[in-house]
Structure formats: C-alpha cells, structure tokens
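# Structural characterization, general
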Amino acid sequence: MELEILQGIWEHFVKTGETDVRMNPIIEKSWLKCQRNGLDPMKGRGRRADEKVFQSIRAGNKELLEIALPVMQSVYEIVKQSHFLLVLTDSVGYVLETIGDLAVQQMSKELEFVKGSLWSDLEVGTNAIGIALDYDTSIQMIGPEHYGLPHHKWTCSAAPIHGVNGEIIGCLDLSGDSHSASPHTHTLGLVVAAAFSIETMIKKQHSARLMRKTLDSSENGIVVLNDAFSPIWINQAAEKNFGLTMSLLEDLDFREYMPDVDWTQLEHWEQERQYITNDTRLLVGRHVYDCSATMLPTLDGDSRTFTVTLKRQEYLIDSVNKVSGNRANYTFEHIYAQDPLMKKTIQLAQKFACYDGVVLIEGESGTGKELFAQAIHNESSRAKGPFVAVNCASLPRDLIESELFGYEKGAFTGALKEGNPGKFELANSGTLFLDEIGEMPLEFQAKLLRAVESLRIRRLGGTQERKLDVRVIAATNRSLRMESEQGRFRQDLFYRLNVLKLDIPPLRERPLDIIGCAEIFLDRFNKRYPKQQKNMSKGYLDALMQYNWPGNVRELQNSIERTFYACSEDMLTPEDFCYVTGNTKLQQDSFSQRDSMYNKVVEALLSTKGNAEQAAKILQVSRATFYRICKKYGIQPKKIKL
C-alpha cells in the first residue's frame, strides 16, 4: 500500500476513530488499544529507564546480548550502506543495544529510540517492536502504519526472539527512513533469518551448558581426548575421584596414564562403531587407581575425539552390592535368648564384634549361624560396608576360584568380556561370610588360606594383586578340629580360621528358648492370618519341651508353621505335634525319658534334704549342669525336702 493511502487512513482514524478494512488486522487492533488507553498520536518518544535499572536489565539479558551482538554486526555489514538502525530489545521492549551510522543514530535520538528506552505499544504507540512482542509475530511497518506521527518517517521490520522453552526473550528490529530510495522489500526476511540464527545459537549454547552440567554431575570421571589422545575437557568427577586437572593433562598423551590398555584397538573404531571396556589401572603421579574404563569414539567431519569414562573399582562394586542386596539385615536384637547359655554366647559374639579378627562359628544346622554372622557385622565398625555371604557347599568345583577371586576378560570360555569381581572384592570394606566352610574342597584350601592371611587376591587370568580390607567370618556344622585331625580339612587353614571361636548351643541345650521361640513363631502366623488365630495348650508346650529338636530353631519354626496349618481347632495339642512330626514313638520315648530324669533329680534332692551340690554328686554331673536340669523341669531344689 502506498504511503499516501496509508497517510489518509491514519488521518481519518485520528479525526473519527474509525479504522479501514484495508489495514493489517494486527495493526488495527493495536491502534484501537492505543486509542482506548489515551495515547496522543501526535507524540511517541520513548521513556528512558533509570541507569541502575537499565544496567540490571542488561545483566539479566547477558546471554542474549553475547549471542545476538555478533549476529547483529553481520547483518549490519549487509545493510550499512542503506542507513539502517539495528535494535535489540528484551522481552518487555527495553532497548538493549543499537548499531547504526551517525545519521540514523541522530534520527533515533530525536525519538529517544536509544539504549535504555522502553519501546512498547502502550509507551510510544503502535510500532513493529511492540507488535512483535505482544502478538509473537514478525512484522514490517511502513510510515503511517505507526500510531505516533513522529514515527511516520520510519520503516521498521521486527521479529521476536525465542528462548529454549519457546518463550519470547527479546526482539530484533531493523529500522530506516521510509522515504529513502533504498528498497525495503527484503529487510523483514533478513531480520527473521537473523532472529532464527540467534535462537539456534541460544539453543546450542543451552544444550552445551546442559551437557556440561550433566557430565559434571556424573559420578564417573569423564575425559574427552582429541585424535592425538590429548585431553581437551574433563568433568568434575575426574578431578574429584582421580586427581585429574586440565593443567596437569594439557598437551600430554593420555595413553601414558593408562599403560595397560591396548590402544591399538581404537584404530578401526570409526568403522565398527563400538565401545571398549577395560578393567585397568590409572596412574596419576604416585597414585594408582583401579578402575573400569570405557572408551567411545566420536566423529565430527574429518576430526575424531574419544570419550573415556572412568569409574573407580570400589564405586562399581558398591553399585553391584546395592543391586545384589549384599547387606546384613539382622542384629543381636533379632536373636531371641532367655536361656543363660544362649545369653552367654551372645555376649561373647558382641565382644568379637569389637575386633577385626577372623571369626569361626560352629553349630548344628538350624542354630542361626548366619544370624550371628550378620549381627557381628552390624555391631562392628564395618556396619556400613557390604555383607557378602557365600555358601561354600553350593559352589561348583571348577568355578570356586572365579567366584571368590573374580576373573579378567577372556580368562575362560564364557567369561564376561569386561571381567568380573569376585566375592572377596565385593566384600571390600565389609564382611565376607563363608558358610559351610567345611565343604570347601581340599585342593582349593591352600589358595583360600593365602587370601585370608594376606587379604590379597589375584583375579583368574590376571597379573595384578589387589589389596583388600575384608573381615572374614566362617561357619560350619562340623567340628573343624576333628576334620583337620582326620585329614579332611587343612590344619593350617583351621588354625588361621580358629581365632575367635564361637560355639552356638543346640536348641535342646537351652530349653528356656524353646517356648519363647515357639511363641514368637506362632505370633507371626496369628498376625498373618488373624481369622485363624491359635493358642498353645499346656500339653503342646510340654511336647515341645520334651522333643530333642535335631533340626534346632529351623525345625522348631517349620514345626510351628506346619502345626498351624494342619490344626483345625484354635488350640494346639500334643496330638497335633505328634501328627506333624510323624514319630509318635519318639514322643513317647521322650516323655518316658523326661519322667525318669525328673524322678532321679527329685529323689536325689530328697535324699540330700535339698542340697543341690550333694544331689549333683549323686547324679554324677557338675553343679551347673544340675541347675540347668532343674530349670528344664521346673524343679526348685530348696523347696524339695523330706
């Protein structure tokens, strides 16, 4: 539309307040808004912000300025012969920066169209910057399309600038003389392209910054190498975990820090597009770090970089332990004990927990050897470390060494390509529990002895020894002394394990714990099945006390569970117990044995007028054993007199 026609439309609007159908709808809408807000169309000068306020605004738009100014300079080189003014504003409309020759700068000063001025529709009237910001659109305005008369000698092309989330963060404007002979048909396209370029650079910079933050937040050390294997960037974890810094590594060949890696594998990476993982050493000054290193190539045109990810072996092992659940769940509070013999055993175990020596736990199956091992671990200074349990009886003979000591890549057919840590390594800084140690094959016991003595292990297929900090607890249901005397267990390994000896008494030797444990187990099932709750009759309790319990606490728990399920009444009886055990004769024998012993004790006390020491001599048992028998049968010696 020609300037004369536009001028006529503007003059008609100023006189009558009526718009023209030929107008750009967005401009029409803006004119009406300005009119409603009482803006004087004869004016239109910008309002400058306070200098301190403006400096604060510029500081808040630092990134936009840093990215936009080079782009603006490039655009200005294209249009500088046409006397254009390039303007950058923030998201509100404050002018952040301008570029132009002296003539156009002088022209802009007349309108206060300068740095620090607010250039919005409601401040100066309809203009390209205001519309671009208000309506999120690019626009070109010529002369009288501006609301304010002082702007009619300007032609302005503006485009909004968006941030990474799509929000408007600023505006780029290109303004010149509307009466100039220079054509303006391509200025809007130039501004839109420049705004898009700024947006792209903002997004790239944001992505790069986000990537750096992400890499810096990684627990793994990350080193980026150029094609000469010199570091060009490292993350914070590389410095924190390995002591690597750019000042230390700059211009050096990183291969010297990892001499065990076969770097020739990298030659064909660009074709194979694969990564390589090695368990290796990282040499930094006098420090040697055992770590897992993953190397990945990146191709950018003709240049090639390598990303090396480093993870310290102990951190990797921590992750494995978390996933595998290698932790102790039980403490001494979980071990029920009312019997003095069991209480004494617990007190001794608590003393052992204060030391780091090897513990050997002996006890029949079902007495709770692993429960004691976990409690010792949780009572010790290693409580926060891993608790790794190994059942020696379940280890295949040909895999014992790799399971306990680990293996390097390629150590045997079927081995993981990156190698694998063994149980000793997984237990580093914690406790290794070797259950059923008596089942360990003789041919492997010599290697186990060396590992327990030196706390150094060498992975299968490896050449390096690894020093560990592991507390060993071994357990067996055999007598290792007898086994060693009969040649079924190495004596030197027995002596090495037999440092802190703990004998867990069988359930039959601690009768006070039988009823207590039974009540605990029954209570668990009553809570699990509240509609089928059951109680134990006196006869049932007597049956529990009279049984020999060869399976100990494990058998007691299983017996209570089976009786709970099998009994249809709410009271458990001796018949239920006999039915579940399936050995009525054994129960009858136990009853008769009990009655016989009870009678012998009572007769001895009666004959000695309640003197426990003399009664013990008659029965040919120690005084302590005599009192234990009395306690078992509920006999009070002082009350039994003629």
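All values derive from a computational prediction rather than experimental measurement.

On to the overall build of the chain, then. The helix and strand inventory of the chain stands at 26 helices and 23 strands. At 44 Å, the chain has a C-alpha radius of gyration far larger than the 26 Å of a compact globule built from 642 residues. Projecting the C-alpha coordinates of the chain onto the three principal axes gives extents of approximately 140 × 65 × 40 Å. Within the chain, the fraction of its 642 residues that count as buried is 46%. Partitioning the intrachain contacts of the chain with sequence separation of at least 6 by distance along the chain shows that 64% fall at a separation of at least 24. For the chain, the accessible surface area stands at approximately 33,000 Å², while carbon and sulfur atoms represent 50% of it. With 77 positive and 84 negative side-chain charges, the chain shows a separation of 11 Å between the mean positions of the two kinds.

Counted by the stated rule, this structure contains 23 aromatic pairs. On the numbers, 5.1 Å between centres and 40° between planes, the contact of Phe 13 with Trp 31 is tilted. Of this pair, Phe 13 sits in helix 1 (residues 3-16) while Trp 31 sits in helix 2 (residues 25-36), and the two are 18 residues apart along the sequence. The class of Phe 13 is buried, set by a relative accessible area of 2%. For Trp 31, a relative accessible area of 2% puts it in the buried group. Each member of the aromatic cluster is reached from another via a ring pair, and the members are Phe 525, Tyr 529, Phe 564 and Tyr 565.

Even without a glycine there, the phi angle at Asp 136 is positive, about 50°. Mapped onto the secondary structure, Asp 136 falls in the loop between helix 7 (128-135) and strand 5 (139-142). Phi at Glu 436 takes a positive value of approximately 55°, unusual for a residue other than glycine. With respect to the helices and strands, Glu 436 occurs in the loop between strand 17 (431-435) and helix 17 (442-454). Taking relative accessible area as the criterion, Glu 436 reaches 27% and is therefore assigned partly exposed.

Right, let's talk about the packing of helix 2 against helix 7 for a bit. Direction vectors running N to C along helix 2 and helix 7 enclose 100°, while the axes themselves pass 11 Å from each other. With respect to each other, helix 2 and helix 7 are oriented roughly perpendicular. Residues Ile 26, Ile 27, Lys 29, Ser 30 and Lys 33 of helix 2 form the contact with helix 7, whose participating residues are Ile 131, Asp 134 and Tyr 135. When grouped by side-chain class, the residues that make up the contact of helix 2 with helix 7 number four nonpolar, one polar and three charged.

Once that is clear, we can look at helix 7. Taken across its eight residues, helix 7 has six buried, putting it largely inside the fold. The elements touched by buried residues of helix 7 are helix 2, strand 2 (85-90), helix 6 (121-124), strand 5, strand 6 (154-162) and strand 7 (168-177). The N-terminus of helix 7 is capped by Asn 127, whose side-chain oxygen sits 3.0 Å from the backbone nitrogen of Ile 129. Looking one or two residues past helix 7, Asp 136 carries a phi angle of roughly 50°, positive in sign.

Glancing now at the nonpolar core. Core analysis: the biggest nonpolar cluster contains 31 residues, and Leu 404, Phe 424, Leu 434, Ile 437 and Leu 448 have the highest contact counts within it. Listing elements by their share of this core, those giving two or more residues are strand 14 (387-391), helix 15 (400-405), helix 16 (423-426), strand 17, helix 17, strand 20 (471-476) and helix 19 (491-497). Ignoring any residue separated from it by four or fewer positions in sequence, one finds Phe 424 in contact with Leu 404, Phe 405, Leu 432, Leu 448, Ala 451, Ile 457, Leu 468 and Val 470.

Turning our attention to the confidence of the model for the chain. Residues of the chain with pLDDT of at least 70 account for 91%, and the chain-wide mean is 87. Within the model, pLDDT remains below 50 along residues 584-593, and this stretch shows 10 contacts once partners closer than five positions in the same chain are excluded.

Reading across the sheet, the five strands line up as 14-17-20-13-21 and stay open at both edges, with parallel pairing between neighbours. Each edge of the open sheet is held by one strand with a lone partner, namely strand 14 and strand 21 (500-503). Averaged over all pairs of adjacent strands, the angle between strand axes in this sheet comes to 15°, irrespective of strand direction. Relative to strand 21, strand 13 (residues 359-362) is paired through four bridges, and the arrangement is parallel. Bridging across to strand 21, Val 359 finds its partner in Leu 500.

Reading the values: rules and limits
Residues numbered from 1 in each chain as written. Predicted model: local features only at pLDDT ≥ 70, side-chain atom pairs only at ≥ 80, totals over all residues. Heavy atoms only, no water. Helix = DSSP H or I, 4+ residues; strand = E, 2+ residues; numbered from the N terminus. Rg over C-alpha atoms; globule rule 2.2 N^0.38 Å. Buried < 20%, exposed > 50% of the residue type's maximum accessible area, 1.4 Å probe, protein only. Contact = heavy atoms within 4.5 Å. Areas by Shrake-Rupley, 256 points an atom, 1.4 Å probe, with all protein chains shown as cover. Lys, Arg positive; Asp, Glu negative; His and termini not counted. Charge placed at Lys NZ, Arg CZ, Asp CG, Glu CD. Phe/Tyr/Trp six-rings, centres within 6.5 Å; stacked < 30°, edge-to-face > 60°. Axes fitted to C-alpha atoms, helices over the stretch in contact; angles between N-to-C directions. Parallel < 35°, antiparallel > 145°, perpendicular 65-115°, else oblique. Nonpolar A, V, L, I, M, F, W, Y, C, P; charged D, E, K, R; others polar. Polar contact = N/O pair within 3.5 Å; in protein donor to acceptor, adjacent residues only side chain to side chain. Core = buried A, V, L, I, M, F, W, Y, C linked by side-chain atoms within 4.5 Å. pLDDT = per-residue confidence, 0-100. Pairing = 2+ DSSP bridges.

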